[in-house]
Amino acid sequence: EGQLLQSGGGLIQPGGSLRLSCTASGFTPSRHDMMWVRQPPGKGLEWVSVVYGGGHITSYADSVRGRFSISRDDSKQTLSLQMSGLRVEDTAMYYCAKDRYGSIWGQGALVTVSS
Amino acid sequence: DIVMTQSPDSLAVSLGETATINCKSSQTVLLNSNNLDYLAWFQQKPGQPPRLLIYWASTRESGVPDRFSGSGSGTDFSLSISSLQAEDVAVYYCHQYHTSPYTFGRGTKLEIK
């Protein structure tokens with residue numbers, strides 16, 4: 001069925017940069033849409049970005065466009081989210097997920113943006 | 001953007017009874033070319049990632065009990081949980097994956113009465 005294992009996250013100052021990674025096992029990420037979803041503490045789910053399967057076309061939420069960049073390394077079965085210009089309001093648990101309908105989710109990585 | 005409106009915000013149901021959660025999209029999530037509704041339902045328990053329950057509005061994910069069912073089409077959808085069990089206490093989200101930016105409802109908190 002597959003699994004997603006996340007790494008990255010941590011405490012970062014406003015304006016800083018951070019990279020999240022998500023490594024897939026049991027399936028081939030390049031054949032699926034892969035997305036990032038975040039959840040601020042105590043709040044609901046917010047879709048962040050997607051890279052479509054079969055290529056490298058991407059899409060972003062308005063709140064992160066121009067600051068975040070999603071990518072996929074097919075040789076390493078890895079999905080990444082490069083975050084720059086981080087803001088306090090980017091503080092959240094970040095999840096990677098397989099397919100646009102979220103068939104498999106990573107365990108999450110907490111990003112805290114604070115001075 | 002497609003706005004997903006869930007109701008109610010919270011719900012208390014007795015054990016063994018049926019819970020129903022509604023989700024309305026501001027635009028259709030039905031793709032006419034394949035007659036599929038791009039609508040999913042998730043269950044999330046504290047400290048855990050979301051768990052997929054239903055996709056294509058009514059297709060139950062493998063391993064999900066048949067007490068969970070999804071219905072609706074176009075802009076109006078429902079998730080029903082019959083024979084409610086204590087383990088069903090969670091927050092439930094609807095999600096449209098028809099048009100980017102893909103969006104979620106605000107969630108419905110389900111408790112036991």
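The structure reproduced in this document is the subject of the present report. (Residues numbered from 1 in each chain as written. Chains lettered and ligands numbered in written order. Predicted model: local features only at pLDDT ≥ 70, side-chain atom pairs only at ≥ 80, totals over all residues. Heavy atoms only, no water.)

### A word on the nonpolar core
Next, step 1: Grouped together as the largest cluster of nonpolar side chains are 45 residues, with contacts concentrated most on Trp 36, Leu 81 and Met 83 of chain A.
Next, step 2: Sort the elements by how many residues they give to this core and strand 9 (residues 92-98) of chain A lands first, with 5 residues. (Core = buried A, V, L, I, M, F, W, Y, C linked by side-chain atoms within 4.5 Å. Buried < 20%, exposed > 50% of the residue type's maximum accessible area, 1.4 Å probe, protein only. Helix = DSSP H or I, 4+ residues; strand = E, 2+ residues; numbered from the N terminus.)

### Some points on the pattern of salt bridges
Residue and element names in this part refer to chain A.
Next, step 1: In the structure shown here, the tally under the stated rule is 10 salt bridges over all chains.
Next, step 2: Measuring nitrogen to oxygen at the nearest pair gives 2.7 Å for the salt bridge that ties Arg 72 to Asp 74.
Next, step 3: Residue class for Asp 74 comes out partly exposed when judged on its relative accessible area of 36%.
Next, step 4: Sharing partners across several salt bridges, the network here consists of Arg 38, Glu 46, Arg 67 and Asp 90. (Salt bridge = Lys/Arg side-chain N within 4 Å of Asp/Glu carboxyl O.)

### Some points on the side chain of Asp 33 of chain A
Residue and element names in this part refer to chain A.
Next, step 1: Examined against the element boundaries, Asp 33 turns out to sit in the loop between strand 3 (18-25) and strand 4 (34-39).
Next, step 2: Judged by relative accessible area, Asp 33 falls into the buried class, the value being 16%.
Next, step 3: Among the polar contacts made by the side chain of Asp 33, one reaches the main-chain amide nitrogen of Gly 53 at a distance of 2.8 Å.
Next, step 4: For Asp 33, the contacting residues outside a window of four places in its chain are Val 50, Val 51, Tyr 52, Gly 53, Ala 97, Lys 98, Asp 99 and Arg 100. (Polar contact = N/O pair within 3.5 Å; in protein donor to acceptor, adjacent residues only side chain to side chain. Contact = heavy atoms within 4.5 Å.)

### Let's talk about the sheet that holds strand 3 (residues 19-25) of chain B
All names here are of chain B.
Next, step 1: As summarised here, the arrangement of the 4 strands in space is 1-3-10-9, forming an open sheet in which the pairing is antiparallel. Each of the sheet's edge strands pairs with one partner strand only, and the pair in question is strand 1 (4-7) and strand 9 (68-73). Each strand axis lies, on average, 20° off the axis of its neighbour in the sheet, ignoring direction.
Next, step 2: Sheet topology places strand 1 next to strand 3; 4 bridges connect them, and they run antiparallel. Residue pairing in the sheet places Ser 7 in a bridge with Asn 22 of strand 3. (Pairing = 2+ DSSP bridges. Axes fitted to C-alpha atoms, helices over the stretch in contact; angles between N-to-C directions.)

### Here's the deal with the layout of surface pockets
Next, step 1: Taken as a whole, the largest pocket encloses approximately 500 Å³ of empty space.
Next, step 2: Forming the walls of the largest pocket are 25 residues, and the residues nearest its centre are Gln 39 and Lys 43 of chain A together with Gln 44, Val 91 and Tyr 93 of chain B.
Next, step 3: Elements that contribute at least two residues to the lining of the largest pocket include exactly strand 9 of chain A together with strand 11 (90-96) and strand 13 (108-112) of chain B.
Next, step 4: The biggest single contributor to the lining of the largest pocket is strand 13 of chain B, with 4 residues. (1 Å grid on protein atoms, 1.4 Å probe; cavity = no way out; pocket = protein on both sides within 12 Å on 5 of 7 lines; lining within 4 Å. Points joined across faces, edges and corners; volume = space filled by probe spheres on them.)

### Some points on the sheet that holds strand 3 of chain A
Residue and element names in this part refer to chain A.
Next, step 1: Spatial strand order, 1-3-8-7: 4 strands in an open sheet with antiparallel pairing. The open sheet has two edge strands, strand 1 (3-7) and strand 7 (68-73), and neither has a second partner. On average, each strand axis in the sheet is inclined to that of its neighbour by 20°, with strand direction left out of account.
Next, step 2: Pairing analysis gives 5 bridges linking strand 1 to strand 3, with the strands arranged antiparallel.

### Some remarks on the interface of chain B and chain A
Next, step 1: The interface is formed by 18 residues belonging to chain B together with 18 residues belonging to chain A.
Next, step 2: Of the roughly 1600 Å² buried between chain B and chain A on both sides combined, carbon and sulfur atoms contribute 62%.
Next, step 3: Of all residues in chain B, Pro 50, Tyr 102 and Phe 104 of chain B give up the largest surface area on contact with chain A, accounting jointly for 36% of the area buried on that side.
Next, step 4: Scanning the region where chain B abuts chain A turns up 0 salt bridges. (Buried area = accessible area lost by both parts, 1.4 Å probe.)

### With respect to the side chain of Lys 98 of chain A
Residues and elements named next belong to chain A.
Next, step 1: On the secondary structure map, Lys 98 appears in strand 9.
Next, step 2: Of the residues examined, Lys 98 reaches a relative accessible area of 10% and is grouped as buried.
Next, step 3: With residues near it in sequence (within four places) discarded, Lys 98 still touches Leu 4, Phe 27, His 32, Asp 33, Met 34, Ser 103 and Ile 104.

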